[in-house]
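Coordinate inspection notes
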Amino acid sequence: MVAVTPPSLAAPSKQGTRMALALLASAAVHGMVLSTQFVHVNPQLFVDPNLPMEVVLVNAKSAESPLNPDALAQVNLAGGGNTDEDRRLKSPLPASARSQTGSEEAALNAKVSALERQARTLMSELKADAQLPSPVPSKPQTPPQPTVDASDLTEQAREMAQLQARISQQWDEYQKRPKRAFVGANVREYAFARYVEDWVTKVERVGNLNYPEAARRQGIYGSLKLTVSIYADGRIESVEVDRSSGSKILDTAAAKIVELAAPFAPFPDEMRKKADILSITRTWTFTRSDQLVGTD
């Protein structure tokens with residue numbers, strides 16, 4: 001009798017072994033992929049928090065602080081020169097009143113001295129040739145090189161440094177100036193005309209509410225011309241009497257009324273592009289009816 005082995009108990013075939021290994025490898029790869037985590041790195045972590053701070057030294061100051069400062073300094077400085085370019089001091093050396101003409105003059109003097117020495121050498125050779133009985137060819141002599149004085153070099157170096165300091169000092173003497181606009185009562189440009197109209201209306205209203213009692217009591221009336229300079233934020237820079245009314249009471253009252261009306265409206269964006277300070281010249285009249293009227 002022959003024993004028959006069931007198919008399920010037979011030895012596994014080579015094909016089944018390969019399939020098992022393939023399934024095992026696939027499971028291992030999928031497990032590695034699923035266990036891998038992708039983390040988003042914040043780029044801000046690599047930014048250096050210690051940013052450099054730019055500090056400059058200025059040789060002037062102003063009472064008000066600038067609206068948009070360009071750098072840090074030991075004091076406030078809102079403009080102060082007459083150039084619109086961004087400039088910075090490049091040399092700490094003091095400027096000299098002498099210009100480059102001093103160094104050019106020294107160079108010319110050195111050349112003149114060298115030519116004079118050459119001329120004296122040639123004259124000496126001519127005199128020596130005249131005393132000889134027969135002309136004897138002489139060896140060509142190399143003209144003497146001018147001696148260089150150390151003190152001259154030091155002086156020229158100092159003048160060059162002072163000239164460089166003088167050029168660099170333009171940033172201190174001519175810093176970025178505020179752009180000014182000068183207008184009268186009648187202006188055609190809309191950006192200024194609208195602002196001036198509102199400004200005059202406010203000053204007249206404040207002036208009539210604060211009419212000088214001394215002028216009303218003494219019956220004083222007259223006209224004067226004022227120029228009021230206004231910063232872009234509406235603050236007053238200055239009030240100047242261009243033409244007096246002949247009465248100190250009226251002149252003082254007009255300036256006081258303008259100060260009471262301040263601060264004024266800030267400049268619109270269109271005006272800020274054209275002026276940082278607006279100077280308005282206007283004639284003001286204290287009438288017989290105890291009113292303040294602005295005229296052209």
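Everything below is about the structure printed above this text.
Model, not experiment: these values are computed from the prediction.

**Observations concerning the overall build of the protein chain**
The number of helices and strands found in the protein chain is 8 helices and 5 strands. The order of helices and strands in the protein chain, counted from the N terminus, is α-α-α-α-β-α-α-β-β-α-α-β-β. Taking contacts inside the protein chain between residues at least 6 apart in sequence as the whole, the part at least 24 apart equals 70%. Of the roughly 21600 Å² of accessible surface on the protein chain, a fraction of 58% belongs to carbon and sulfur atoms.

**A look at unusual backbone geometry**
Across residues other than glycine, the phi torsion is negative in most instances, and most of the peptide bonds are trans. For the bond from Ala-262 to Pro-263, the omega torsion is 0°, close enough to zero to count as cis. Relative to the helices and strands, Pro-263 is located in the loop between helix H7 (248–261) and helix H8 (269–272). A positive phi angle, close to 60°, is found at Asp-290, a residue other than glycine. Within the element layout of this structure, Asp-290 appears in the loop between strand S4 (277–286) and strand S5 (292–295).

**Describing the nonpolar core**
Core analysis: the biggest nonpolar cluster contains 33 residues, and Trp-199, Val-203, Ile-230, Phe-264, Leu-278 and Phe-286 have the highest contact counts within it. Breaking this core down by element, the ones donating at least two residues are strand S1 (180–183), helix H5 (190–209), strand S2 (222–231), H7 and S4. Contacts of Trp-199, omitting those with residues within four sequence positions, involve Val-228, Ile-230, Phe-264, Ile-280, Arg-282 and Trp-284.

**As for the pattern of salt bridges**
A side chain of one charge can pair with a side chain of the opposite charge if their charged atoms are brought near each other. The final tally for this structure, using the stated rule, is 6 salt bridges. A salt bridge links Glu-155 to Arg-158, with the shortest nitrogen-to-oxygen separation between them at 2.6 Å. Taken together, the residues span about one helical turn, with Glu-155 and Arg-158 both in helix H3 (residues 150–168) at a distance of 3 residues. Look at Glu-155 and you get partly exposed, because its relative accessible area is 30%. In this structure Arg-158 comes out as partly exposed when scored by relative accessible area, which is 36%. For Asp-233, the salt bridge is made with Arg-235, and the minimal N-O distance between the two is 2.6 Å.

**Details of the pairing of S2**
The two faces of a sheet get side chains in turn, since along a regular strand they alternate between them. Within S2, 8 of the 10 residues are buried, which leaves it mostly tucked inside the rest of the structure. As paired elements, S2 and S4 share 10 bridges and run antiparallel to each other. Each bridged residue has a counterpart across the sheet, and for Thr-227 the counterpart in S4 is Thr-281. Once S2 ends, the chain turns through 4 residues before running back antiparallel as strand S3 (residues 236–243), passing Gly-234 with a positive phi of about 100°.

**Overview of the side chain of Ser-229**
Locating Ser-229 in the fold gives a position in strand S2. You can call Ser-229 buried: its relative accessible area is 6%. Of note is the side chain of Ser-229, whose polar atom sits 2.8 Å from the side chain of Ser-279. Once residues within four sequence positions are removed from consideration, Ser-229 is found in contact with Arg-180, Arg-235, Ile-236, Glu-237, Ser-238, Ile-277, Leu-278 and Ser-279.

**Some remarks on the environment of Pro-268**
Position of Pro-268 relative to the elements: it lies in the loop between H7 and H8. Residues Pro-268 and Ala-191, 77 residues apart in the sequence, show an inter-C-alpha distance of 7.8 Å.

**Concerning the environment of Arg-272**
Following the sequence through the fold, Arg-272 ends up in helix H8. Overall, Arg-272 belongs to the partly exposed group, its relative accessible area being 32%. A polar atom in the side chain of Arg-272 sits 3.3 Å from the backbone oxygen of Phe-267.

**Examining the packing of aromatic side chains**
How two aromatic rings sit relative to each other is set out by the distance from centre to centre and by the angle between their planes. Summed over all chains, the structure comprises 4 aromatic pairs. A ring pair is formed by Tyr-195 and Phe-267, whose centres lie 5.3 Å apart and whose planes are at 85°; its orientation type is edge-to-face. A residue pair is termed long-range when its members are at least 10 positions apart, and Tyr-195 in helix H5 and Phe-267 in the loop between H7 and H8 qualify at 72 residues. Phe-267 shares its class with Tyr-195; the two are buried. Both rings, one in Trp-199 and one in Trp-284, keep their centres 5.9 Å apart while their planes meet at 65°; by these two values the pair is edge-to-face. Of the two residues, Trp-199 is situated in helix H5 and Trp-284 in strand S4; the sequence distance between them amounts to 85 residues. Judged by its relative accessible area of 3%, Trp-199 falls in the buried class. Grouping aromatic residues by their ring pairs yields a cluster made of Trp-199, Phe-264 and Trp-284.

**A few points about the side chain of Asp-251**
Topologically, Asp-251 is positioned in helix H7. There is no salt bridge for the buried Asp-251, and the closest opposite charge comes from Arg-243, which lies 8.9 Å off by N-O distance. One polar contact links Asp-251 to Ser-244, side chain to side chain, over a distance of 2.5 Å. Beyond its immediate chain neighbours, meaning those up to four positions away, Asp-251 contacts Leu-224, Val-241, Ser-244 and Ser-245.

What counts and what doesn't
Residues numbered from 1 in each chain as written. Predicted model: local features only at pLDDT ≥ 70, side-chain atom pairs only at ≥ 80, totals over all residues. Heavy atoms only, no water. Helix = DSSP H or I, 4+ residues; strand = E, 2+ residues; numbered from the N terminus. Contact = heavy atoms within 4.5 Å. Areas by Shrake-Rupley, 256 points an atom, 1.4 Å probe, with all protein chains shown as cover. Core = buried A, V, L, I, M, F, W, Y, C linked by side-chain atoms within 4.5 Å. Buried < 20%, exposed > 50% of the residue type's maximum accessible area, 1.4 Å probe, protein only. Salt bridge = Lys/Arg side-chain N within 4 Å of Asp/Glu carboxyl O. Pairing = 2+ DSSP bridges. Polar contact = N/O pair within 3.5 Å; in protein donor to acceptor, adjacent residues only side chain to side chain. Phe/Tyr/Trp six-rings, centres within 6.5 Å; stacked < 30°, edge-to-face > 60°. Lys, Arg positive; Asp, Glu negative; His and termini not counted.

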